[in-house]
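# Structural description and commentary
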Amino acid sequence: MNQNKNKTKIKEDTILVKLNSSKSRINFSELNKIAQKINIYTELENKWKLKRASEIY
Amino acid sequence: MEVEKGIRDLLKEKFILLDTNILISSSKHLKEFTDLFSFFSTNDCAVGTMDLLRFEYLRDAVTQENKTERELYLNRFSDFEINFASKYIKDCTQIGQIYSRYNKTSHQKISFIDCAISSILKNFHARLYLLTINHDDFPLILHDRIKVFTLDCGNEILNPALYSFNLNKLGNEIENVQKVKEIRKELRN
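Anyway, here's the lowdown on the structure attached to this text. (Residues numbered from 1 in each chain as written. Chains lettered and ligands numbered in written order. Predicted model: local features only at pLDDT ≥ 70, side-chain atom pairs only at ≥ 80, totals over all residues.)

### Looking at the overall build of chain B
A tally of regular secondary structure across chain B gives eight helices and eight strands. In terms of overall dimensions, chain B has a C-alpha envelope of 65 × 45 × 35 Å along the principal axes. Burial status across chain B gives 35% buried among its 189 residues. Considering only residue pairs separated by 6 or more positions, chain B has 74% of its internal contacts joining residues 24 or more positions apart. (Helix = DSSP H or I, 4+ residues; strand = E, 2+ residues; numbered from the N terminus. Buried ≥ 20, exposed ≤ 12 C-beta atoms within 10 Å, placed from the backbone. Contact = placed C-beta atoms within 7 Å.)

### A few points about helix α3 (residues 30–42) of chain B
Compared with an ideal rise of 1.5 Å per residue, which puts 13 residues at 18 Å, α3 of chain B spans 17 Å between its outermost C-alpha atoms and is within 8% of the ideal. Those residues of α3 of chain B lying buried are Leu-30, Phe-33, Leu-36, Phe-37 and Phe-40 of chain B. Buried residues belonging to α3 of chain B abut α2 (28–56) of chain A together with β1 (15–18), α2 (20–28), β2 (46–50) and β6 (151–152) of chain B. Two residues or fewer after α3 of chain B comes Asp-44 of chain B, characterised by a positive phi angle close to 60°. (Expected span 1.5 Å × (residues − 1).)

### Regarding unusual backbone geometry
Positive phi, close to 60°, is recorded for Glu-13 of chain B, a residue that is not glycine. The residue Glu-13 of chain B is located in the loop between α1 (5–11) and β1 in this model.

### A look at α2 of chain A
When the terminal C-alpha atoms of α2 of chain A are compared, their 41 Å separation across 29 residues agrees well with the 42 Å that a helix rising 1.5 Å per residue should span. Leu-31, Ile-34, Ala-35, Ile-38, Tyr-41 and Thr-42 of chain A are the residues of α2 of chain A that are buried.

Keep in mind these numbers describe shape, not what the thing actually does.
Here it is, written out as structure tokens:
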């Protein structure tokens, strides 16, 4: 497949450090679960940052 | 997602580099980004990142839990990762110098990471495209805007766009510097 040929070419250029060539489709349901966790953690961290800033200044 | 045939053909089996702002926005609005990522997937595009972009995305995570999830997020949909090597520094510097000619003040300077991305786009110009929402960081003096997508995310509208590096534009910029040198020489004589 051309796609694989392209990837191999980039690999030959020694800039590619990770390759998931076997993966053909993104699993959005799995990705969504991770994204939701990131959003929760980021919101909590932002609240913590604001609280900390108000205590310092 | 409706995408013109010409664009679909151009992007067929190409590599799409995701800017940090895309990683952040897509985790916030994954539902709205799903169509766009599905389009890349069905068009046999490889979607990936770069070590410097990984750094930008991970450095905002204060807790270990957030860092772990962000790493998972990156790994789940990255088909490739580009390693910024010292051999690109020369190109990176040249790109930064070209931008400097157009900057009115020092605070308008484009960051090192954005110059590094452009140097990578230059080296893989026929195969690699950048997806970003920070349009000012990839000026059209060196890049081509291939396609702008519009995503209605409720309280905000995002316009991610695909950029490629234009070697002819770089050639013109280099030529312009030569011309300035020649004019200076003539004036001295």
